[in-house]
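This is what each chain is made of:
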2 protein chains.
Amino acid sequence: MSENRSPDQAQDALQRMVQALRALPGVGPKSAQRMAFHLLQHDRNGAAVLGQSLLDAVNHIQHCSSCNTFSELNICTTCSDDRRDPSILCVVETPADQLMVEQTLTYKGLYFVLMGRLSPLDGLGPNEIHLDRLIERVEKSPIPVKEVVLATNFTSEGEATAHYIGEIMKVRDIKVSRIARGVPVGGELEYVDASTLARAMMDRRSVS
Amino acid sequence: MSENRSPDQAQDALQRMVQALRALPGVGPKSAQRMAFHLLQHDRNGAAVLGQSLLDAVNHIQHCSSCNTFSELNICTTCSDDRRDPSILCVVETPADQLMVEQTLTYKGLYFVLMGRLSPLDGLGPNEIHLDRLIERVEKSPIPVKEVVLATNFTSEGEATAHYIGEIMKVRDIKVSRIARGVPVGGELEYVDASTLARAMMDRRSVS
Ligand SMILES: [Zn+2]
Ligand SMILES: [Zn+2]
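Values in this document were obtained by computation on a predicted structure and should not be read as measured data. (Residues numbered from 1 in each chain as written. Chains lettered and ligands numbered in written order. Predicted model: local features only at pLDDT ≥ 70, side-chain atom pairs only at ≥ 80, totals over all residues. Heavy atoms only, no water.)

Draft legend 1. Up close: the coordination of the zinc ion (ligand 1). On the protein side, the zinc ion (ligand 1) has A:Cys64 (SG), A:Cys67 (SG), A:Cys76 (SG) and A:Cys79 (SG) as donor atoms, found 2.3 Å from it. For the zinc ion (ligand 1), the 4 donor atoms in the first shell make angles of 105 to 116° at the metal, so the coordination geometry reads as tetrahedral. (Donors = N, O, S within 2.8 Å, 3.2 Å for Na, K, Ca; no water. Tetrahedral: all angles 85-135°; square planar, octahedral: opposite > 155°, others 65-115°.)

The following block contains the structure:
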């Protein structure tokens, strides 16, 4: 408790906390207030841990310069794992999708995480999702990439993204495959159970 | 980016962030992950501001020793405002409810914020919600409290709380009033518009 603060400063910490919580996706003014009161009243330790972890994350997490996923290292632990097959590259939309593929235990190659998808209606074209990074990744690979597995979602945006990347790879004489449509049409990888996704991975087909 | 970290530490910042986000009410594993990725990808500044504001809040916000609401000061700015009438005390369940009453501009007395409500089914009795603090507030008031306005919610718990506090005050010869039932039955103050609540405040009736 800091008696030295002026009255104006006094209300600031709470107001700033409520305002800051609105940075979270899907959190409006009412739920921000509710969250702030809950933390202050019932879980101060949780609030302190969350505060510190956010600062740590922002200060230390960047993108892996090889696969583009979040990492504290320049090259993430997956990319630097020499038990993995560097000649095969699985392209996913998000780190969450990569985790889902990993959980199937059916894939031992490397990854490229788009951190997005093509969505022309939203103004997200090849430049906006930085497909140049993927092209550079493939062209400058120390060990040539022989196959690119397209594991984007089976939504219209995910399919368009897969098609576009497939064309890019085919002109570079790289084999292109798509995970099988064991994933329900219109479904998102993140919400599919691991066994369905495992089968889709095993049944991946060459995109000719 | 910190190359010196070991691989085990490398994944920690992200995992700890996702785990820490689950301290927020209503946030499960999937939405915690979604929030973390969103902040890292699209709003790092928001994440940093949120992190710092949580630490500031936890370090500086306590309870006002007079009205029990959240405050960085020992006595909050509302309690120390000498334009307010100290002979009338409005009892609310939460700081959010107090804000709602303030917004009606119809009340110029002081407050007591319960930070809860009686809920025997959940094991929340008079001791659990620290009604002794309210009793002490009234008994040791430098200027006698003449009227207690009960502005708890019109839920069954809020009504039970109002009844219980009313009895406590009546044996101390303090006038007890309840805000009028302009608030819909079963409704919560936080979700009522200011004009309805203003009318309920003006129409408050003596609890005899
Ligand atoms: Zn990587
Ligand atoms: Zn106060």
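Draft legend 2. Looking closely at the UniProt feature "zinc finger region: C4-type" (unreviewed entry) in chain A. As recorded in UniProt, the feature "zinc finger region: C4-type" (unreviewed entry) lies at residues 64-79 of chain A. Between the end C-alpha atoms of residues 64-79 of chain A there is a gap of 8 Å, over a span that is 0% helix and 12% strand. (UniProt positions renumbered as here; feature names shortened; annotations may be inferred. Helix = DSSP H or I, 4+ residues; strand = E, 2+ residues; numbered from the N terminus.)

Draft legend 3. The arrangement of the interface of chain B and chain A in detail. With 59 residues of chain B at the interface, the matching set in chain A holds 59 residues. Counting every contact that joins chain B to chain A gives 2 salt bridges. Across the salt bridge formed by A:Asp56 and B:Arg16, the nearest N and O atoms sit 3.4 Å from each other. On the surface where chain B and chain A come into contact, there are 10 residue pairs in polar contact (both at pLDDT 80 or more). The element that contributes the greatest number of residues to the side of chain B that touches chain A is helix H3 (residues 44-60) of chain B, accounting for 15 residues. (Contact = heavy atoms within 4.5 Å. Salt bridge = Lys/Arg side-chain N within 4 Å of Asp/Glu carboxyl O. Polar contact = N/O pair within 3.5 Å; in protein donor to acceptor, adjacent residues only side chain to side chain.)

Draft legend 4. A look at the coordination of the zinc ion (ligand 2). Residue and element names in this part refer to chain B. For the zinc ion (ligand 2), the full set of protein donor atoms is Cys64 (SG), Cys67 (SG), Cys76 (SG) and Cys79 (SG), and the range of their distances to it is 2.3 Å. Taken together, the 4 donor atoms coordinating the zinc ion (ligand 2) and their angles of 106 to 116° define a geometry best described as tetrahedral. Mapping the donors of the zinc ion (ligand 2) onto the primary sequence yields the spacing C-x2-C-x8-C-x2-C. For the pair cysteine 64 and cysteine 67, one class covers both residues: buried. (Buried < 20%, exposed > 50% of the residue type's maximum accessible area, 1.4 Å probe, protein only.)

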